[in-house]
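Observations on the three-dimensional arrangement
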Amino acid sequence: MVNLFVNGEGMRGGRVHPTIAGYPFLGEVRTAARYRFYSVRDEFPALQVAEDGGAEIAGELYDVPLDVIAERFLPAEPPELELTVVELSDGSYALAVALRAGESGWHREITEYGGWRAYRE
């Protein structure tokens, strides 16, 4: 079991959430203030480590078996995202998906919203 941070469609009510819904929900959390946040094609969000600045981004934390992440969660994620490790606001770390290195498709920065749900509202 590993901690998995989700910040978009993996959160409760999202289209990817059913892949992890049966595992322990550990609560609402925020990343450390070192990430930028993007909307990709206005369909899903993506984190990226900020070269400078950055903000805390809202999400949810789950306790999920690594094989479930590999076999169910990741295959449901868009190809623009890749598995990474993120720092949370309490100084701990969790697995998460982030914008794939070198990804140059359409995306718009939405860091100022602080989270996917806030942006979608």
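Scroll up a little and you will see the structure.
Everything in this summary refers to the structure shown in the same document.

Calculation criteria
- Residues numbered from 1 in each chain as written.
- Predicted model: local features only at pLDDT ≥ 70, side-chain atom pairs only at ≥ 80, totals over all residues.
- Heavy atoms only, no water.
- Pairing = 2+ DSSP bridges.
- Helix = DSSP H or I, 4+ residues; strand = E, 2+ residues; numbered from the N terminus.
- Axes fitted to C-alpha atoms, helices over the stretch in contact; angles between N-to-C directions.
- Core = buried A, V, L, I, M, F, W, Y, C linked by side-chain atoms within 4.5 Å.
- Buried < 20%, exposed > 50% of the residue type's maximum accessible area, 1.4 Å probe, protein only.
- Arc of directions from axis to C-beta.
- Contact = heavy atoms within 4.5 Å.

1. A few points about the sheet that holds strand E8 (residues 107-109)
- Overall, antiparallel pairing links the 3 strands, which are arranged E4-E3-E8 in an open sheet. Both edges of this open sheet fall to strand E4 (44-49) and E8, since each of them pairs with a single strand only. Between one strand axis and the next, the sheet turns through 35° on average, direction left out of account.

2. Description of the nonpolar core
- Counting residues in each nonpolar core, the largest one holds 32 residues, and the members touching the most others are Leu4, Phe5, Leu47 and Phe73.
- At the level of elements, strand E1 (2-6), strand E3 (35-40), E4, strand E5 (58-64), helix H1 (66-76), strand E6 (81-87), strand E7 (93-99) and helix H2 (116-120) are the ones that each hand at least two residues to this core.
- When residues of this core are assigned to their parent elements, the largest contribution, 6 residues, is made by E7.

3. Digging into H1
- Burial in H1 covers these residues: Val68, Ile69 and Phe73. With its buried residues spanning 90° around the axis, H1 presents them on a single face. Exposed residues lying more than 90 degrees from the buried face of H1 are Glu71 and Pro75.
- Where H1 is buried, its residues meet E1, E5, E6 and E7.

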